[in-house]
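Given next are the chains, with one letter for each unit.
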Number of protein chains: 2
Amino acid sequence: MSEDKDMNLHAEGDSCQQQETISIDDKEINGIKKEKNEKNDVNEKIVENGDGDKPKENGEKSIQEPPKEMRAVVLNGFGGFKIKALKKPEPTLSENEVLIKIKACGLSFQDLLTKQGTLDNPPKPPFIMGFECAGEIAEVGEGVTNFKVGDRVVALPDHKAWAEYVSVPAVSVYSLPAGMNYDEAVAITLNYTVGYILLFELANLRPGKSILLHSAGGGVGQAVVQLAKTVEDVTIFGVCNKNKHEILKSSGNIDHLLERGVDYSGAVRKESPEGVDIVLDCLYGEEYRRGYALLKPMGRYILYGLSNSSENKSLSAARFWWQVDKVPPMKLYDENKSIGGLNLRHLMYQHGNNEFVRRIVEQVFKLWEEKKIKPVIDSVWALEDAVEAMQKMYDHKNIGKIIFDLNLEPKPKPATPVKSKLKDKKNLNQEEKKSSIDVENSENQKESELTNGTSEDKSDSGSKGKESS
Amino acid sequence: MSEDKDMNLHAEGDSCQQQETISIDDKEINGIKKEKNEKNDVNEKIVENGDGDKPKENGEKSIQEPPKEMRAVVLNGFGGFKIKALKKPEPTLSENEVLIKIKACGLSFQDLLTKQGTLDNPPKPPFIMGFECAGEIAEVGEGVTNFKVGDRVVALPDHKAWAEYVSVPAVSVYSLPAGMNYDEAVAITLNYTVGYILLFELANLRPGKSILLHSAGGGVGQAVVQLAKTVEDVTIFGVCNKNKHEILKSSGNIDHLLERGVDYSGAVRKESPEGVDIVLDCLYGEEYRRGYALLKPMGRYILYGLSNSSENKSLSAARFWWQVDKVPPMKLYDENKSIGGLNLRHLMYQHGNNEFVRRIVEQVFKLWEEKKIKPVIDSVWALEDAVEAMQKMYDHKNIGKIIFDLNLEPKPKPATPVKSKLKDKKNLNQEEKKSSIDVENSENQKESELTNGTSEDKSDSGSKGKESS
């Protein structure tokens, strides 16, 4: 797009010859607050996300007055990390929407699926990524009665959250409780809402039950663990990468840690010969079969993600599982088992269950106010470091939520690739503002992904050596 | 079996030349109480149900002292109504069992599946039918600490309930609350336990939800309706035979009555365009596809019976559905739906979840004590009229529970077939002691079933014209 201005986001590439240029045009973008002219923006904006440059009905580009611009992280194509931090026109505001000035936004597994092209119904690239953000209401669209300018809110838009501004249907915006900061809001809202629905709406969690939980160290995983422990005598079998075990052990909330990628069935049976009451699976594939087999009678398996489809597996592989993993209802009847799925994005943006989701968000905020839950934040990053942050999640190295703080400066990048490897992996700090990434393990994989890239992708600036001190 | 004594139960047959002989041997069986020698019985009994005449370890037949006998309803073979009321040896008592002197027992849809041969893992015929009974504890086996002789109880044995005595594992026996009579106990325990698990354990019923319920006029159906109406603002779409609509309408508990056997999807969508939150299906086959399609997002389909497989359909047809109605979990994830099954018999007798079931029975009895539920009894019959009673359920003519009262005398039977047809079908009385059956509609069907019978079946005494005045 002609108006895009490359902000040198650190996507992978063959070289890192270019120096960073953080200051762009007439706007200071880092650390300096940008004031918004709330009254005169509507007619100046250009439609974002999937519509390319096509002007929207009420968003004709003014030739006299160029549209205001904002920082944003844009996906240029599926597969690999075809991601750039760019200057983009500020979004327009439609009926029943609010415009939010974003203070913090979050990285979720959906973003990895998006970049890989395995998330269904994505906009046509290029588009702004991101599904969760918190900030202040900057403008209120026609028909919106429950928000006013200046309200502190968190929102779950369908894409478009990784930017300075976003316009969101008011039905998917929630007022923040007093005392909840924006990082917390982003760390809580999506993950704990998913966790709450899984445990209390679908799995009907009761005292004394046992749960097998995949990706126990991730954002949703940590939310599920905390929410589950609000119920008496619940036993959690948490599956995650071996490298997270030590830190998760110290938290003490997961009763039995199991290693991702190995058959843990025996380990579960050793502790609980009859199996488990609830399986929460965000991986699918092989894990489905294993999880279902471990279910006790009256047990429930709930699929809430397809992470396996983002790793060395294509959408066609996921469709293959679709074919092989069919369950006859009569088998569920014979075995007294249930299976179900939760796809929050579909629930909100395809199925229109926004009032249901709002009630759950309110429940979650109430638990936070009662200090029964406290979000685990893995690390906070500048928007411009999105690829590094995503790589950390891709490598299963985050424990808890990865946050982007709009006021945070990007990390200084080395002029030449540095292949140092941090030795002390235990230094992961939940409040760290600078994250370390071991890139060596993932380099080959990333390069092979890049072979799918177009010439446009190859022009992305970036660095193989992404670590910073 | 040589010791069986035909009690001329009214099974279908080609003629009814034989006269009834109710009084058998040295025992008056109807209306006269039979006292039991509780101390000396154990070593005299012969094992019943599926073991034929094979003596059990602790149940050697005493040659000197013939075993005491009891009235019982026996299935001689699968398909059709190969059922007889016979004199059978009283059951033996094993460790952890209690012997119950039965006062009332119940007819459930499982009995129809049993006679048809579509219930899995049945004993080898001949065996005593029946899954629910209430009465007094007559003996307590070794290892049983929670019951004593004389206790008023209800039990859910795996077969064997249609008799004067039954020995049951104590884990599936429940003490009656004060004031609950035996008919009520039989009408409540199985049906409301199934209903309670369906609504509150599996479907997670909440205020404002809607339910599509199959066989809404049957025993479980009526239990579900009453239990659902203990929750605020629940809407029930009840599917049942047209002939039940008028009576069910007068009860006022079912918000929308739908006709069984027609596609009611349009009628449901007319009232609730988005569909329903919960589908409770005891039919399967075509109904599964229809029910699943009617589910709202976050909706649950629960299969709790395979009634369709008992009607003009063989087990192989049911297995065919097994093949075609497979659901990929990824579809459930995409659509935010859940499917599950409840098979109480498996739960108790294969999966060993007896403590769970006991907690539910206690909840159900509590609701009865609080007068929040009141069982609907369709009709009460003598044990010897079992075939007529079953035919009534088979023809979808019962509203609520069909009960056998062990103290009730069988109906007088006409000496020759009578082909009268009762005109006033509205006379169905919930407390009727004599039930009317319109046999004409079902005669052809029954005859075709009988062509599968063996010569033994054809020798069954009985009458085509089963109506009585």
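Data block above holds the structure.
Reading guide: rules and limits
- Residues numbered from 1 in each chain as written.
- Chains lettered and ligands numbered in written order.
- Predicted model: local features only at pLDDT ≥ 70, side-chain atom pairs only at ≥ 80, totals over all residues.
- Heavy atoms only, no water.
- Salt bridge = Lys/Arg side-chain N within 4 Å of Asp/Glu carboxyl O.
- Helix = DSSP H or I, 4+ residues; strand = E, 2+ residues; numbered from the N terminus.
- Disulfide = S-S within 2.5 Å.
- Buried < 20%, exposed > 50% of the residue type's maximum accessible area, 1.4 Å probe, protein only.
- Phe/Tyr/Trp six-rings, centres within 6.5 Å; stacked < 30°, edge-to-face > 60°.
- Lys NZ or Arg CZ within 6 Å of the ring centre and 35° of its normal.
- Pairing = 2+ DSSP bridges.
- Axes fitted to C-alpha atoms, helices over the stretch in contact; angles between N-to-C directions.
- Least-squares fit on C-alpha atoms with pLDDT ≥ 70 in both.
- Contact = heavy atoms within 4.5 Å.
- Buried area = accessible area lost by both parts, 1.4 Å probe.
- Polar contact = N/O pair within 3.5 Å; in protein donor to acceptor, adjacent residues only side chain to side chain.
- Nonpolar A, V, L, I, M, F, W, Y, C, P; charged D, E, K, R; others polar.

(A) Region of the structure containing the pattern of salt bridges. All names here are of chain A. One pass over the full model with this rule turns up 34 salt bridges over all chains. A salt bridge links D255 to K229; the shortest N-O distance between them is 2.9 Å. Of this pair, D255 sits in the loop between α4 (245-251) and β12 (256-259) while K229 is found in the loop between α3 (219-228) and β11 (235-240), placing the two residues 26 residues apart along the sequence. Residues participating in the shared-partner salt-bridge network are D120, D158 and R345.

(B) Quick look at the state of the cysteines. All names here are of chain A. The final tally for this structure, using the stated rule, is zero disulfides over all chains. Summary of cysteine pairing: C240 is not part of a disulfide, and the nearest cysteine sulfur, belonging to C282, is at 11 Å. The buried category is assigned to C240, whose relative accessible area is 2%.

(C) Inspection of the packing of aromatic side chains at higher detail. Across all of its chains, the model carries 14 aromatic pairs over all chains by this definition. Ring centres of W162 of chain B and F404 of chain B lie 4.9 Å apart, and the angle between their planes is 70 degrees; on these two criteria the pair is classed as edge-to-face. Of this pair, W162 of chain B sits in the loop between β7 (152-155) and β8 (165-169) while F404 of chain B sits in strand β17 (residues 401-405); the two residues are 242 residues apart in sequence, bridging distant segments of the chain. In this structure W162 of chain B comes out as buried when scored by relative accessible area, which is 0%. Of the residues examined, F404 of chain B reaches a relative accessible area of 0% and is grouped as buried. Here a set of aromatic residues connected by ring pairs shows up, and it is made of Y284, Y288, Y292 and Y301 of chain A. Positioned above the aromatic ring of Y182 of chain A, the side-chain terminus of R152 of chain A is 5.1 Å from the ring centre.

(D) Main features of the sheet that holds strand β13 (residues 276-281) of chain A. In spatial order, the strands read β12(A)-β11(A)-β10(A)-β13(A)-β14(A)-β15(A)-β15(B)-β14(B)-β13(B)-β10(B)-β11(B)-β12(B); together these 12 strands make up an open sheet with mixed pairing. Edge strands, defined here as strands with exactly one partner in the open sheet, are β12 of chain A together with β12 (256-259) of chain B. Strand after strand, the sheet turns through a mean of 15 degrees between neighbouring axes, direction not considered. Strand direction decides the pairing type here: strand β10 (residues 210-213) of chain A and β13 of chain A, joined by three bridges, are parallel. Paired with I211 of chain A across the bridge in β13 of chain A is I278 of chain A.

(E) Seen up close, the relation of the copies chain A and chain B. Of the transformation placing chain A onto chain B, the axial shift is 0.0 Å and the rotation is 180 degrees, giving an RMSD of 0.0 Å. Viewed as a symmetry operation, the transformation between the two copies matches a two-fold axis. Mapped onto chain B, 100% of the interface residues of chain A are again interface residues, and the two copies thus contact each other with one and the same surface.

(F) A look at unusual backbone geometry. In this chain, P125 of chain A is followed by P126 of chain A through a cis amide linkage whose omega measures 0 degrees. With respect to the element layout, P126 of chain A can be found in the loop between α1 (109-116) and β5 (127-128). Within the chain, N121 of chain B stands out as a residue other than glycine whose phi angle is a positive 50 degrees. Among the secondary structure elements, N121 of chain B is positioned in the loop between α1 (109-116) and β5 (127-128). Relative accessible area serves as the criterion here: at 55%, N121 of chain B is assigned to the exposed category. If you check the backbone angles, K160 of chain B has positive phi at about 80 degrees while not being a glycine. Here K160 of chain B shows up in the loop between β7 and β8.

(G) Examining the interface of chain A and chain B more closely. With 43 residues of chain A at the interface, the matching set in chain B holds 43 residues. Interface area for chain A against chain B, summed over the two sides, is near 3,900 Å², with a carbon-plus-sulfur share of 61%. Area buried by chain A at its contact with chain B is led by M298, M330 and Y333 of chain A, which between them contribute 20% of it. The salt bridge involving E201 of chain A is made with R206 of chain B; its shortest N-O contact spans 2.9 Å. Connecting chain A to chain B are 22 residue pairs in polar contact (both at pLDDT 80 or more). Elements with a minimum of two residues in the side of chain A that touches chain B: α2 (182-202), β14 (295-303), α7 (315-324), α8 (329-335), β15 (338-341) and α9 (344-349) of chain A. Here the side of chain A that touches chain B takes seven residues from α8 of chain A, the largest share from any one element. For the side of chain A that touches chain B, the per-class residue count stands at 23 nonpolar, 10 polar and 10 charged. As paired strands, β15 of chain A and strand β15 (residues 338-341) of chain B are joined by three bridges and run antiparallel to one another.

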